[in-house]
Amino acid sequence: MNAHTATHPHNRAVTLLRLILLASLLAAWEILAQSGWLYRDVVPSLLSIGCALASLLSSPDYYFHLSVTVLEIAGALAIGGTIGVLTGLVLGANPFAGRAIEPYIYYLGPTPKIIFFPIMIMWFGVGPGSKIAMGAVSCFFPIALSVAAGMRQIDPVLIRVGRSFRAQAWQMAWKIYLPAMRHPILNGVRLGLGIAIIGTLLAETKLSNRGIGHLIMRAYSVFDMPKMYALLIILFALAIGANAIVGRIGGLDTIRRS
Amino acid sequence: MTLASQPVSNIWADMPILSAKGISKKFETAEGPLIAVNNVSFDVAPGQFLSVIGPSGCGKSTLFNIIGGLTEAYDGTVTVAGETVRGPHPSIGMIFQEESTFPWRTVLDNVCFPLEISNTPKAQRVEKARHFISLVGLSGFEKRYPAELSGGMRQRVAMARTLASEPKILLMDEPFAALDEQTRLLLGDKVLQIQQQLQQTTLLITHNIAEAVQLSDRILVMSYRPGKVKRVVDIKLPRPRTSEIVTSAEFGMCVAQVWNDLREEATRGMQEAERLR
Amino acid sequence: MNAAAAMMLRSVPAAVGLALFLGLAGVAEILLRFGVLNRFVVPPPSDIAASFGRLFAEEHLLTRFLATSQECLYAMVLLAIIGVAAGTALQQMPLLRRACETWIASLASAPIVLMYPLFLVIFGRSNATIIVMGVIAGLPPVILKTVEGLSGTRKVLLDVGRSFSLTRRQMFLKIMLPAALPTIFVGLRLGLIFSLINIVGVEFLINFGGLGQLINDLAERYDLPGMYATIVFVILVSVLFFLATERLERWVGRA
């Protein structure tokens, strides 16, 4: 939201409406929780969720599991992202390779990745390896596709400028191609991060003995609903926050540098 | 008079710094080969301002790319001070028709670009860049990004960037094509002032007659497909000039003279374009 | 003749891509046959191809496929009804839209599918869990694109409607909705793709339903060629679905 709308008189109404919406949502939740209409604590009281959240955030155990998951996602993004960027560069730079190989990546992109998990277990074991592999496979596709598209969208005159000043190959790459592609690369990373989080955590819920996904399944198996909600809240907050941070890096660029 | 008795500076004045001999370029298209440029030759003396003018489709931009060294396969030779051009030459600085500033760099960093490429020390880089920024009249905008500037200002940034590489020859391809008429006249003033101040050898490619007459010492009129040199017109308007010259009678006569040569070609180009439609 | 040659030229990269793919399968086959790679980790491609007959006959691949399709169909209907209705409501109430649109957009980037254990508690291991997950995952794009399409109606068309003094209802049904249809379809397609991905995924995760469960079953029985073949089948189905809806989207956009 830019400075112009911030001073808009409607803005206060929007904030008010948001607060009312949130309050009524929470109130409805609490009424439902107290009514006992739903079986098995499916809608636990806000207080119990809050307590679960607090006890979770104050337990060292939780931070151990969080660090496992964060490291797995970071590893997945590093591996899948690197391979994705390199693939995207090759496909974007070479029209022939692009037309020969890119359709496969384009059409394989929107397919369910989690079904590869049994294969990943066989290849990389039941430990973090298979989770990292799941995340890496997931995030490879959007990153490769947006880097390839970004490479093709570079304004050709900028390349001619570089050549006219007789820039070396590495200078062209570092000073022209890379900065010219920063938006598509960042956007690819943003998409890839979201998908890597999903891939890694789904794999953890399917089979693992550590990580946030494991905690969720453990809470599920003992029907500790408040804890499950607390975990999901944390997870959503982290995912949306990470997405917003990467988006902000790219977004700020958009405003300041077109 | 013998050669030895001539002042040294005059020898250089008569020696072309840029010379094109028998330039031809053919493109393969779906409808068969297309000769874009056919046997074009010309010389540019040091300090001279030469314009190449012609209708759209006379191969002007092709010529620009060949002289700039961005096009490899062509017939003929381009020489700079006697040295054959193969690829972009350090003595030639190009200013492009399209929006060509780097949107991710500030004005200062944009102008520093060629100095980074040539590994100029940082302090020297900034000093030089500031000098050329002030030369194009953009002092105070060093920290701005191109998106925050008008089209005319961005084109001046591109100009300062090319000037910062201190080329012996400035090569411009319709640098004002995307601008409105008034901005174009005022920028023309800026170019005149800089060119006269730096004694900058300049080759301008354009389709705008008034612009060519306002700026040039000599104009090459190109024909429509294949692009050949149809006529060479010397502009004897007094120097130093400013944009005020466009109101003078002599200016009008020069424009009329060039338009006489150009009209036939432009008509042919228009008919061709309509036939293809 | 020129056109034919151009066609040939254009199909060269595709042919090279296909050849590359088949070549990779061939290399894997050879390495496996000679025991360089472990065939208990990667089954030979020929075994995978050969197991399709068995999958159809013994594992009821077709029935499984139909079961998944049915879930997708239910999800699609719910997605269209809920998504378009919610989008319309948001578009009609600008204040509500300004309050909620960013929330919905950020929900689209949240790992919604990870809520599946929650619905597992509510609905148990059942079709309902799978369908609900599919619908929730697909909703954000449908809602957002409906809002975008309806508010993107060209002003001159609205003025035309006003000049005929249409009622608000007529304006919506006769002008805004038809004008927004291509955009809404883009959202529906996107939502449906998310749905399909999540439906198969949740089937696999909760070991219930159609194709996803079959993959899980075969993995647990260590039937590697069968499992790989089912994965290939799922990918083929997804790609075909993607292609078909892409065609449809282009057709709707043109009409």
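Residues numbered from 1 in each chain as written. Chains lettered and ligands numbered in written order. Predicted model: local features only at pLDDT ≥ 70, side-chain atom pairs only at ≥ 80, totals over all residues. Heavy atoms only, no water.

What chain B contains, in helices and strands, is 8 helices and 10 strands. Computed over the C-alpha atoms, the radius of gyration of chain B is 19 Å, within 12% of the 19 Å expected from 2.2 N^0.38 for a compact globule of 277 residues. When burial is assessed residue by residue, chain B has 51% of its 277 residues classed as buried. The long-range fraction of contacts in chain B, counting pairs at least 24 apart against all pairs at least 6 apart in sequence, stands at 70%. A total of about 12,800 Å² of accessible surface is found on chain B, and carbon and sulfur atoms cover 53% of it. If the 30 positive side-chain charges of chain B are averaged to one point and the 30 negative ones to another, these points end up 2 Å apart. (Helix = DSSP H or I, 4+ residues; strand = E, 2+ residues; numbered from the N terminus. Rg over C-alpha atoms; globule rule 2.2 N^0.38 Å. Buried < 20%, exposed > 50% of the residue type's maximum accessible area, 1.4 Å probe, protein only. Contact = heavy atoms within 4.5 Å. Areas by Shrake-Rupley, 256 points an atom, 1.4 Å probe, with all protein chains shown as cover. Lys, Arg positive; Asp, Glu negative; His and termini not counted. Charge placed at Lys NZ, Arg CZ, Asp CG, Glu CD.)

Moving on to the overall build of chain C. Scanning chain C for helices and strands turns up 10 helices and 0 strands. What you see for chain C is a C-alpha radius of gyration of 23 Å, clearly larger than the 18 Å of a compact globule of 255 residues, by over 25%. Seen through its principal axes, chain C has C-alpha atoms that stretch 80 × 65 × 30 Å. In chain C, which comprises 255 residues, the share counted as buried stands at 44%. Here the analysis covers contacts within chain C between residues at least 6 apart in sequence; of these, 70% occur between residues at least 24 apart. Counting every atom, chain C has about 12,900 Å² of accessible surface; 72% of that belongs to carbon and sulfur. Computing the positive centroid from 20 side-chain charges and the negative centroid from 14, chain C places the two 15 Å apart.

Let's shift gears to the sheet that holds strand β2 (residues 32-44) of chain B. Residue and element names in this part refer to chain B. Taken in spatial order, the 4 strands of this open sheet run β2-β1-β4-β5, and their pairing is antiparallel. With partners counted over all chains shown, the strands left at the sheet margins are β2 and β5 (83-84), one partner each. Both strand β1 (residues 18-29) and β2 contribute to a ladder of 9 bridges, which runs antiparallel. Bridging from a neighbouring strand, Phe27 pairs with Leu34 of β2. (Pairing = 2+ DSSP bridges.)

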